[in-house]
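# Remarks on the overall topology
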Amino acid sequence: MSEAVGSKREQIEAEAMISDVLLEDLRYRGEGTDLDFKADRYPFANASDDEKSELLKDILALANASREGTAYILIGFKEKPPYPAEVVGLPAEGAIDDSRIQQFVNAKLESNLNFRYEERMFDGKHVAVIAIPKQRRPFYLKKDFGPLKSNVVYVRRGSSTDVASPREIAMMGASNETRGEAQIRLLLKTENNEVLPDYFARDFLVFSNKLPDYEIDSGPYGSAFHRPNRNYYRESAEYYTALKRAITVRVLMENHSEFALASVQIEIACRGTEDCVALMLRADDMPRKAQSTWDIGQLTMNLPSQAANRRVVVDDRGDEQLVCIDLGCLRPGQIARAEEDLVLIPSAPGSYTIAVRILANELPTPLIQEHAFQVDGVIERLSLKSLKSMIYSDPDLD
């Protein structure tokens, strides 16, 4: 029950940033049907229709080009053949928001075009990237805009832009119909990369809700540089409760299609029978071993949250938890792993089901898959004394 086969085509990562590794690789390629370099930012805010038409024409030409993968326009890069493109950078002022460009472009077209515009730092300089995944063609304007004409198909040939011939347009339509069914294989594994089993034995520890504050004798820990963690017992109970019940799930997907898959998204819910529920967490959000004291001298400032860049997101806002995994674009033959493992915390022994939906631009309807499993174990109600014994016998005690 941990495999799925499905069908259809390519777009772009919805939320994840384009990586430095990819940009560095693109620098070493020459301009062509899937790559264009621009030293300066496109005129946009307060620009005339003629000026803004340059951006529109370049996006259309690359979207209509014959190519295998995603096409890119790198802005703030200057081509210097035979050397890698120079990162000249852009002024921070005048940055353009992705949503404004999306609205501008798609309001002009007969059909919706999937692409992404991103401004970011690379090699110490401010740059911008437009990524255009391969998708159904052709794209054209529904009415004239500046010097661009409606119902004309602009296409990229090599490093130049031209008007597509009737034969080229016919071939674009034909290519939309020649693809076979997508072949997708979804794998659910353990943290040891073994196939996820359908049976688990776990310990269900239950501690009192009224654990006392943690206190220590005066001495060096009573100095200005050390303070007792008054929540130490409560945090330790939370840690051991989660640790003893945890079931780790690693999510992988293999694309065995002859074409790329785009905007691949996986949605996961975990449902239990009767009164059983399972909390879902990212593995890096699991409760950590509690500290009995705080060393004030070692405390550091909190770093900015990285949640905005996460590709595995736990959504608690609905009637049930939903884990959303963004795998972006999967090339033919590519194996993609979710950015972070999931951890399931079952509330009690019982039967559970991992319900999975797989979505992609190439799939006319989501693929549905389930993995049922049984969790056995004894519910143990423990006292503060038992908790202390557990803490002091822990080989990793701080």
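Note: the structure precedes this text.
Description of the structure in this document. Keep in mind the model is a prediction, meaning the values are calculated, not measured.

In this section: the environment of R337. Of note, R337 is situated in strand β19 (residues 335-337). Along the backbone, R337 and L187 are 150 residues apart, and their C-alpha atoms lie at a distance of 9.4 Å.

Our next topic: the sheet that holds strand β22 (residues 367-376). Within the open sheet, the six strands sit side by side as β10-β22-β21-β14-β18-β17. Their pairing is mixed. Each edge of the sheet is formed by a strand with only one pairing partner; in this case those strands are β10 (199-201) and β17 (312-315). Strand-to-strand twist of the sheet, defined as the mean angle between neighbouring strand axes without regard to direction, takes the value 25°.

Turning our attention to helix α1 (residues 20-27). Those residues of α1 that fall on the buried side of the exposure criterion are L22, L23, L26 and R27. The arc that holds the buried residues of α1, viewed along the axis, is 140°, so those residues lie on one side. On the buried face of α1, the contacting elements are β1 (35-38), β2 (71-75), β3 (77-80), β4 (83-87), β5 (116-122) and β6 (125-132).

Now for the environment of K80. Secondary-structure assignment places K80 in strand β3. Measuring from C-alpha to C-alpha, the distance between K80 and R27 comes to 9.8 Å, with 53 residues separating the pair along the chain. The residues touching K80, leaving out its near neighbours within four places in the chain, are A85 and E86.

This part is about the packing of aromatic side chains. Tallied over the full model, the rule gives ten aromatic pairs. Ring centres of Y214 and Y233 lie 5.3 Å apart, and the angle between their planes is 85°; this geometry places the pair in the edge-to-face category. Of this pair, Y214 sits in the loop between β11 (204-207) and β12 (226-228) while Y233 is found in helix α5 (residues 232-245), placing the two residues 19 residues apart along the sequence. Site record: aromatic cluster; members linked through ring pairs are F37, F77 and F122. Positioned above the aromatic ring of F44 is the side chain of K52, whose terminal nitrogen or guanidinium carbon lies 4.9 Å from the ring centre.

The next subject is the sheet that holds β1. Across the sheet, which stays open at both edges, the four strands sit in the order β1-β2-β6-β5 with mixed pairing between neighbours. Lying at the two open borders of the sheet, with one neighbouring strand each, are β1 and β5. Strand-to-strand twist across the sheet, computed as the mean angle between neighbouring axes with direction ignored, equals 20°. Relative to β6, β2 is paired through five bridges, and the arrangement is antiparallel. What sits directly across from L74, in β6, is V129.

Further remarks concern the environment of F37. The residue F37 is located in strand β1 in this model. As for F37 and I75, which are separated by 38 residues in sequence, their C-alpha atoms are 6.0 Å apart. What F37 contacts, discounting residues up to four positions off in sequence, is L26, R27, R29, E31, L74, F77, E79 and A85.

Once that is clear, we can look at unusual backbone geometry. In this model, P81 is joined to P82 through a cis peptide bond whose omega is 5°. Its location among the elements puts P82 in the loop between β3 and β4. Backbone geometry at N46 places phi at a positive 65°, although glycine is not the residue there. By the element assignment, N46 lies in the loop between β1 and α2 (49-64). On the basis of relative accessible area, N46 is assigned to the exposed category, the value being 84%. Even without being glycine, S263 reaches a positive phi, approximately 50°.

This paragraph deals with helix α3 (residues 98-106). All of the buried residues in α3 are I101, Q102, F104, V105 and N106. Turning to α3, the residues buried within the fold contact α2 and β5.

Cut-offs applied
Residues numbered from 1 in each chain as written. Predicted model: local features only at pLDDT ≥ 70, side-chain atom pairs only at ≥ 80, totals over all residues. Heavy atoms only, no water. Helix = DSSP H or I, 4+ residues; strand = E, 2+ residues; numbered from the N terminus. Pairing = 2+ DSSP bridges. Axes fitted to C-alpha atoms, helices over the stretch in contact; angles between N-to-C directions. Buried < 20%, exposed > 50% of the residue type's maximum accessible area, 1.4 Å probe, protein only. Arc of directions from axis to C-beta. Contact = heavy atoms within 4.5 Å. Phe/Tyr/Trp six-rings, centres within 6.5 Å; stacked < 30°, edge-to-face > 60°. Lys NZ or Arg CZ within 6 Å of the ring centre and 35° of its normal.

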